[in-house]
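Fold and geometry: a report
These are the residues of each chain, in order.
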Amino acid sequence: MQLYDKRCQRLYLNAEERRRFLSAALLEPARRRTLCLTLFYTGCSVSEALALTHTQVQTYARTLTPRSLKSRGQRTYREVPIPQEPVDELKAAFCLITAQMDPLVIEGRAL
């Protein structure tokens, strides 16, 4: 993993910067806050986060599945676990219904 670019500039935030980013993100309006939380918890790029659709959010499993935009010409996805807080934020901000239930539960009965 490359920590610095060719001009010796840091590519990633340190722990204090991450803490300040999260604190500031929590003060933003709902949709902007969910984008910030997605970036914070997944490490995906802004383009990858903006390209997410509701089908790539598994609320029951607490995962997001962004498409990697770095692998040009290939469709590469990665499944990223996230805490409950951003799941709740995504559900509220984008009206994700609990119809995204666990696929192993049908008509309220576990298989």
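The notes below deal with the structure included here. Just so it is clear, the structure is predicted and the values come from calculations on it, not from any experiment. (Residues numbered from 1 in each chain as written. Predicted model: local features only at pLDDT ≥ 70, side-chain atom pairs only at ≥ 80, totals over all residues. Heavy atoms only, no water.)

Re helix α4 (residues 84-93)
We apply this condition: Using a 1.4 Å probe on the protein chains alone, a residue whose accessible area is under 20% of its type maximum counts as buried, one over 50% counts as exposed, and one in between counts as partly exposed. A helix here means a DSSP run of H or I that spans at least four residues, while a strand means a run of E at least two residues long, and both kinds are numbered starting from the N terminus. This arc is taken over the directions from the axis of the helix to the C-beta atoms. The contact rule is simple, with two residues in contact once any of their heavy atoms fall within 4.5 Å.
Every buried residue of α4 is listed here: P86, V87, E89, L90 and A93. What you see down the axis of α4 is that its buried residues fit within an arc of 160°, all on one side. Of the surrounding elements, those touching the buried residues of α4 are α2 (30-42), β1 (57-58) and β2 (63-64). Looking one or two residues beyond α4, the residue adopting positive phi is C95, at roughly 50°.

With respect to the environment of A92
Here A92 is to be found in helix α4. Classification of A92 by relative accessible area gives exposed; the value is 60%. On a C-alpha basis, the gap between A92 and R31 in space is 9.4 Å, while along the polypeptide they are 61 residues apart.

Some points on the packing of helix α1 (residues 15-25) against α2
Put simply, the test is: In this analysis an axis means a line fitted to C-alpha atoms, helices contributing only their contacting stretch, and an angle means the value between N-to-C directions, from 0 to 180 degrees. Orientation is classified from the angle alone, with under 35 degrees giving roughly parallel, over 145 giving roughly antiparallel, 65 to 115 giving roughly perpendicular, and any other angle giving oblique. Crossing handedness is defined as follows: a turn of the near helix away from the far one that is anticlockwise and smaller than a right angle gives a left-handed crossing, while the clockwise case is right-handed. For this classification, Asp, Glu, Lys and Arg are treated as charged, while Ala, Val, Leu, Ile, Met, Phe, Trp, Tyr, Cys and Pro are nonpolar and the rest, including Gly, are polar.
Relative to each other, α1 and α2 sit at 155°, their axes nearing to 9 Å. Considering the angle they form, α1 stands roughly antiparallel to α2. Here α1 and α2 pass one another in a crossing that is left-handed. Listed contacts from α2 to R18, F21, L22 and A25 of α1 are R33, C36, L37, F40 and Y41. Here the residues of the contact of α1 with α2 are counted per class, giving seven nonpolar, no polar and two charged.

Focus: the nonpolar core
As a reminder, the rule being used: To form a nonpolar core, buried Ala, Val, Leu, Ile, Met, Phe, Trp, Tyr and Cys residues must be joined to one another through side-chain atoms within 4.5 Å.
Ranked by size, the top nonpolar core spans six residues in total: V57, L64, I82, V87, L90 and L96. Apart from the residues within four sequence positions on either side, V87 is in contact with T59, R62 and I82.

Quick look at the layout of surface pockets
Applied cut-off: We place a 1 Å grid over just the protein atoms. Points where a 1.4 Å probe fits but has no way out form a cavity, open points with protein on both sides within 12 Å along at least 5 of 7 lines form a pocket, and any residue with an atom within 4 Å of a point lines it. Grid points are joined across faces, edges and corners, and a volume is the space filled by probe spheres set on the points.
Estimates place the volume of the largest pocket at around 560 Å³. Elements with a minimum of two residues in the lining of the largest pocket: α1, α2 and α3 (46-50). In the lining of the largest pocket, the residues fall into ten nonpolar, three polar and four charged. Each pocket or cavity is described by its volume, and for the second largest pocket that value is around 240 Å³.

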